[in-house]
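# Structure assessment
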There are 2 protein chains.
Amino acid sequence: MTETRTLTLNEIEDLSFRALVAAGTSPENARPLAVATAATEADGVASHGLAYIPIYCEHVQCGKVDGLAKPVMTRPKSGVVTVDAATGFAHSAIDLGYETLITAAREQGVAVLSICNSYNCGVLGYHTYRLAQAGLVGLGFTNAPASIAPSGGAKPVVGTNPFSVAVPGTDGQPALLIDQSASTIAKSEVMKHAREGRPIPVGWALDSEGNPTTDPNVGLKGSMAPSGGYKGVGVALLTEVMAAALTGATLGINASPFSGTAGGPPKTGQFFIAIDPVATSSSGGFAQGIEELVDAIRSQDDAHLPGDGRRAKRVASATQGVAVNIATLEKIEAILG
Amino acid sequence: MTETRTLTLNEIEDLSFRALVAAGTSPENARPLAVATAATEADGVASHGLAYIPIYCEHVQCGKVDGLAKPVMTRPKSGVVTVDAATGFAHSAIDLGYETLITAAREQGVAVLSICNSYNCGVLGYHTYRLAQAGLVGLGFTNAPASIAPSGGAKPVVGTNPFSVAVPGTDGQPALLIDQSASTIAKSEVMKHAREGRPIPVGWALDSEGNPTTDPNVGLKGSMAPSGGYKGVGVALLTEVMAAALTGATLGINASPFSGTAGGPPKTGQFFIAIDPVATSSSGGFAQGIEELVDAIRSQDDAHLPGDGRRAKRVASATQGVAVNIATLEKIEAILG
């Protein structure tokens, strides 16, 4: 059994902030990442919460991310906000552009935020969630080092590239939040099986010739299986077009790994589209349509509405805090010295 | 063997136009649909080409679509073009908004076209293709009567809801064109197996309790299997949010069927996002990124680049025409009287 200690969300944010600063991150860059880490733990996505803090700190120290980066915002057209993350954390780059994105989307009905020279943005749905909180439909895309091969090929050309969509609800929470990668399973699961010396199920990964494998190490040298075959490749390509090509960021085929210390900054990208649903549904049917759609799912026993799991955890965490892995806390305390 | 006759693209357009008008469609509404029908045959997507003309004509005659509709465009915000298709054909509604959409996207860097009270738009990629020809990245969504159940449920809540993305190339043709539905297989394939009395493979459709079935009739009364399980449901929900909720169109759960003559107009929706890639990639890396991505796929033997199949057919059809099913031609000639 994993030993845990229960922390409040404030304690998680504070701990994350202090560790990032101790590792050499500027307070301006550490704060948005610390806030996101607490929100991620609140949502129950432990894999991307505090467990990532020691990795982020290591990446600041080895230069894979510039903890002191000063992202630069420009606005080439009225509907376009671009941010050069300057090889710093994605979170501060996104934060820099968000207010302008939201204002532009409200004024014009739609606006985009295009981020290059960036880094792993953690849970993508955290960022689209904030657009939904502002009453906008938020679409998000983020690319990753290549690990999925094209249909008929065997050499990876695109990452597990997630997309996310968050839909505003009537209670300040998203009515619907989808956040899914293009692969059958997260690459981190294959890496975990490799570390533990356990075989992986058929359908998770392919060898370097594109054949199914149950050996996680063979799979990591080959490629990740796309969800639903060629349609998963299509989703990964959609995300690559949006997050890498449209932003002018580094393609997955050229990006350095998100894990480990080698290769320098990945310089990958993020792309967000914010849409004002009141403007687009001139008949005013948006809120009613979403309510009916959500009801059609919730009214079926055991049917799963994307985002409901995270929402339930979020509500509970606000009052009960989050049980955090002691081993992770010890790593973070070592950074704090 | 199917008997065919080879027609030029002009002949296909002309034949489509005359049949639609003979059935009671106004020339203004018949023309964009006839042009799209020829382009669809040129791309080799015979299932959505001339074969649909008798169905369109029947739908005009039974009132499922209003052949004389006059779609209405409004522009509630600078980045938003809305069109009420007035229960007419989707093609004329899209045509009405396209020029304004393209101009707005070029001026502001991004714009959207939101269409309600619409109908089956045929091949979605035909419409995004035109945005790519204008030098824009085109994203498209269109919803359909519900046929996919939520994860954990068994009752359909969303259609096979495709999305499409078209990426401008340097030769006036899209460099990449993705157009895929959220189901494992097209519903029309299951219907075809039912007509022919053949079993369907496991994984295509589910019975009304959500269990796998090989009986196409049972599957048609149950639900279509989402591609890649819950991730296919996520893609279908994304499209439902964009094409139905954002537009104020009818949800898939309330829409009348696209086939047959019952139920009146489906009043479904389409949503398009047009993005200026020069504005969003301030470093100017867009064209180079797409070229590298496309090369990484084409350089692998047998690897499949989405859109390449249609492109090759299109090039051949321009000079060689298209072999068309004689039985379809006879149906159309009967309409012409």
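Not measured: the values here are computed from a predicted model.

### With respect to the overall build of chain A
The number of helices and strands found in chain A is 12 helices and 12 strands. Radius of gyration (C-alpha) of chain A: 20 Å, near the 20 Å computed for a compact globule of 337 residues. With 337 residues in all, chain A has 58% of them scored as buried. For chain A, the proportion of contacts with a sequence separation of at least 24, taken over those separated by at least 6, is 66%. As presented, chain A carries roughly 12600 Å² of accessible surface, and 52% of it is formed by carbon and sulfur atoms.

### Structural notes on the environment of Gly222 of chain A
All names here are of chain A. Summarising the element assignment, Gly222 is placed in the loop between α7 (216-221) and β10 (223-224). The spacing of Gly222 and Ala149 is 73 residues in sequence and 8.7 Å in space, taken between C-alpha atoms. In this structure, Gly222 is in contact with Pro156, Leu206, Asp207 and Ser208, ignoring residues within four places of it in sequence.

### Concerning the interface of chain A and chain B
On the chain B side, the residues contacting the 75 residues of chain A number 75 residues. With both sides pooled, the region where chain A packs onto chain B buries about 5500 Å², and carbon together with sulfur makes up 69% of that total. Between chain A and chain B we count two salt bridges in total. Of the charged contacts, one joins Lys77 of chain A and Asp276 of chain B as a salt bridge, the two residues approaching to 3.1 Å between their closest N and O atoms. For the interface between chain A and chain B, the tally reads 26 residue pairs in polar contact (both at pLDDT 80 or more). For the side of chain A that touches chain B, the element with the most residues is helix α8 (residues 230-245) of chain A, which contributes 10 residues.

### Quick notes on empty space enclosed by the protein
Summed over the entire model, instances satisfying the criterion amount to six cavities of 30 Å³ or more. Approximately 120 Å³ is the volume found for the largest cavity. Every residue lining the largest cavity is counted, 15 residues in all, and those nearest its centre are Ser227, Lys231 and Val235 of chain A together with Lys231 and Val235 of chain B. Of all the secondary-structure elements, those providing two or more residues to the lining of the largest cavity are α8 of chain A together with α8 (230-245) of chain B. In terms of residue class, the lining of the largest cavity is made up of five nonpolar, eight polar and two charged.

### Some words on helix α2 (residues 27-42) of chain A
Residues and elements named next belong to chain A. The end-to-end C-alpha distance of α2, which contains 16 residues, comes to 22 Å, matching closely the 22 Å that a straight helix rising 1.5 Å per residue would cover. All of the buried residues in α2 are Asn29, Ala30, Pro32, Leu33, Ala34, Ala36, Thr37, Ala38, Thr40, Glu41 and Ala42. On its buried face, α2 is in contact with α1 (9-22), α3 (53-62), α4 (90-108), α5 (124-133), α11 (308-320) and β12 (322-325). Downstream of α2 by one or two residues, Gly44 has phi in the positive range, about 80°.

### Topic: α1 of chain A
Residues lying three or four places apart along an α-helix face the same way, a consequence of the helix completing one turn every 3.6 residues. Residue and element names in this part refer to chain A. Look at α1: 20 Å from first C-alpha to last across 14 residues, which is about the 20 Å you get at 1.5 Å a residue. Within the sequence span of α1, burial applies to Ile12, Glu13, Leu15, Ser16, Phe17, Ala19 and Leu20. Those residues of α1 that are buried are in contact with β1 (4-7), α2, α3, β12 and α12 (326-336). Phi turns positive, to about 115°, at Gly24, one or two residues after α1.

### Things to note about the confidence of the model for chain A
Within chain A, residue pLDDT values average 96, and 99% of them lie at 70 or more. Here the predicted complex scores 0.98 on pTM and 0.97 on ipTM.

About the thresholds
- Residues numbered from 1 in each chain as written.
- Chains lettered and ligands numbered in written order.
- Predicted model: local features only at pLDDT ≥ 70, side-chain atom pairs only at ≥ 80, totals over all residues.
- Heavy atoms only, no water.
- Helix = DSSP H or I, 4+ residues; strand = E, 2+ residues; numbered from the N terminus.
- Rg over C-alpha atoms; globule rule 2.2 N^0.38 Å.
- Buried < 20%, exposed > 50% of the residue type's maximum accessible area, 1.4 Å probe, protein only.
- Contact = heavy atoms within 4.5 Å.
- Areas by Shrake-Rupley, 256 points an atom, 1.4 Å probe, with all protein chains shown as cover.
- Buried area = accessible area lost by both parts, 1.4 Å probe.
- Salt bridge = Lys/Arg side-chain N within 4 Å of Asp/Glu carboxyl O.
- Polar contact = N/O pair within 3.5 Å; in protein donor to acceptor, adjacent residues only side chain to side chain.
- 1 Å grid on protein atoms, 1.4 Å probe; cavity = no way out; pocket = protein on both sides within 12 Å on 5 of 7 lines; lining within 4 Å.
- Points joined across faces, edges and corners; volume = space filled by probe spheres on them.
- Nonpolar A, V, L, I, M, F, W, Y, C, P; charged D, E, K, R; others polar.
- Expected span 1.5 Å × (residues − 1).
- pLDDT = per-residue confidence, 0-100.

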